[in-house]
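# Tertiary structure, described
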Amino acid sequence: MNAKIQKFSDPATLADSFANDFAQWLGDQSQPIVTVALSGGSTPRLLFERWAGEFAGEIDWSRVRLFWVDERCVPPSDSDSNFGVANDIFLSKVDLPADQLHRVHGESNPDDERTRYADEIDRFVRKDSDGVPQFDLVVLGMGDDGHTASIFPHQMEFLTSSDVCEVATHPTSGQKRITLTGPVINHAKKVVFLITGANKKGVLVDVVKKTGLFKTYPASFIDATDLTFYVDEDAASGL
Ligand code: 6PG
């Protein structure tokens, strides 16, 4: 794995650094509008708070076409909604044009929404030479079971799906989710993992070093060309 690893003392410092790097990255992009896909979970909340706070004036959101890596099949008003969380914390406070906001319709029938969202990505995200939608930036997290996006260990086939999106099932709650698939993530121009927490320590070692049970962890198979792990000390203590 030719990934870069950046370690930070704590989640807040990690979020500060990525918020700064994101602003720098956006400024460095030559194209007028970039495509970005965000994940859910608790770690990105720290990032969203910075985007709403000290970085509010640093980022020209009119240059961003925003998508989600995955979304729970719940209405946006549900506390589980990845869009709902992002909207409450920062989206409602920044000037991202409404026609550049591409949320998953978690309130819709999952199978119908999987097709609709894939069509939306097909329409608005350019394709690379392989004909795969190529996001400019994909922001991922990793669970303590090695899942990423909503690709869980019991659905490893989504890592090689020929479709853009799949309907995933959370292994314990059974909650349905729409998720980008492995090829779409791996074709992105830039992929970052934001990983915090001691409960990820062992999994992260195996994912990065390809040791132990790495083959059972979906995160092990994210091998985008430009891949960076932003990790806090608790998660990185085994590296
Ligand atoms: C989701 C996320 C999921 C998340 C990991 C890590 O919808 O829950 O996309 O893949 O990134 O579960 O979550 P934390 O950042 O909370 O550890």
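A quick note: this is a predicted structure, and the numbers were derived from the prediction, not measured.

Turning our attention to the sheet that holds strand E4 (residues 70-72). In space, the three strands of this open sheet follow the order E4-E7-E6, with antiparallel pairing throughout. Two strands close off the open sheet at either side, each with one partner strand: E4 and strand E6 (165-169). If you compare each strand with its neighbour and ignore which way they point, the axes differ by 20° on average. Helix H4 (residues 110-124) contacts E6 and strand E7 (176-180) of the sheet and is inclined by roughly 145° relative to E6.

Turning to its location among the elements, Gln155 is positioned in the loop between strand E5 (137-140) and E6. The spacing of Gln155 and Pro218 is 63 residues in sequence and 8.7 Å in space, taken between C-alpha atoms.

Let us now look at the site of the ligand. Taken together, 16 residues are adjacent to the ligand, and Ser42, Asp70, Arg72, Ala149 and Lys200 come closest. Within the backbone of Gly40, an N or O atom sits 3.3 Å from an oxygen atom of the ligand. Within the backbone of Ala149, one N or O atom sits 2.6 Å away from an oxygen atom of the ligand. Relative to its free-state accessible area of 420 Å², the ligand is covered by the protein chains to the extent of 89%. Residue assignment for the shell around the ligand shows that the elements contributing at least two residues are helix H2 (43-52) and E4.

Here six strands make up an open sheet; going across it, the order is E1-E9-E8-E5-E2-E3 and the pairing parallel. Of all strands in the sheet, those with a lone pairing partner are strand E1 (4-8) and strand E3 (64-68), marking the two edges. Shown here is a sheet whose adjacent strand axes are inclined to one another by a mean of 20°, direction ignored. Strand direction decides the pairing type here: E5 and strand E8 (residues 191-195), joined by three bridges, are parallel.

So, about the UniProt feature "domain: Glucosamine/galactosamine-6-phosphate isomerase" (unreviewed entry) in the protein. When the UniProt feature table is mapped onto this chain numbering, "domain: Glucosamine/galactosamine-6-phosphate isomerase" (unreviewed entry) sits at residues 10-225. What you have in residues 10-225 is 31% helix and 15% strand, and the ends, taken at the C-alpha atoms, are 27 Å apart.

Throughout the structure, instances matching the rule amount to eleven salt bridges. With a closest N to O distance of 3.6 Å, Arg114 and Glu166 form a salt bridge. Taken together, the residues span a long stretch of sequence, with Arg114 in helix H4 and Glu166 in strand E6 at a distance of 52 residues. Residue class for Glu166 comes out buried when judged on its relative accessible area of 11%. Between Arg116 and Glu120 there is a salt bridge, and its shortest N-O distance comes to 2.3 Å. Of this pair, Arg116 and Glu120 both sit in helix H4, four residues apart, which is roughly one turn of that helix. Take Arg116: its relative accessible area is 26%, and that puts it in the partly exposed class. Each of Lys4, Lys190 and Asp226 takes part in one network of salt bridges that share partners.

Conventions and cut-offs
- Residues numbered from 1 in each chain as written.
- Predicted model: local features only at pLDDT ≥ 70, side-chain atom pairs only at ≥ 80, totals over all residues.
- Heavy atoms only, no water.
- Pairing = 2+ DSSP bridges.
- Helix = DSSP H or I, 4+ residues; strand = E, 2+ residues; numbered from the N terminus.
- Axes fitted to C-alpha atoms, helices over the stretch in contact; angles between N-to-C directions.
- Contact = heavy atoms within 4.5 Å.
- Near = heavy atom within 4 Å.
- Polar contact = N/O pair within 3.5 Å; in protein donor to acceptor, adjacent residues only side chain to side chain.
- Areas by Shrake-Rupley, 256 points an atom, 1.4 Å probe, with all protein chains shown as cover.
- UniProt positions renumbered as here; feature names shortened; annotations may be inferred.
- Salt bridge = Lys/Arg side-chain N within 4 Å of Asp/Glu carboxyl O.
- Buried < 20%, exposed > 50% of the residue type's maximum accessible area, 1.4 Å probe, protein only.

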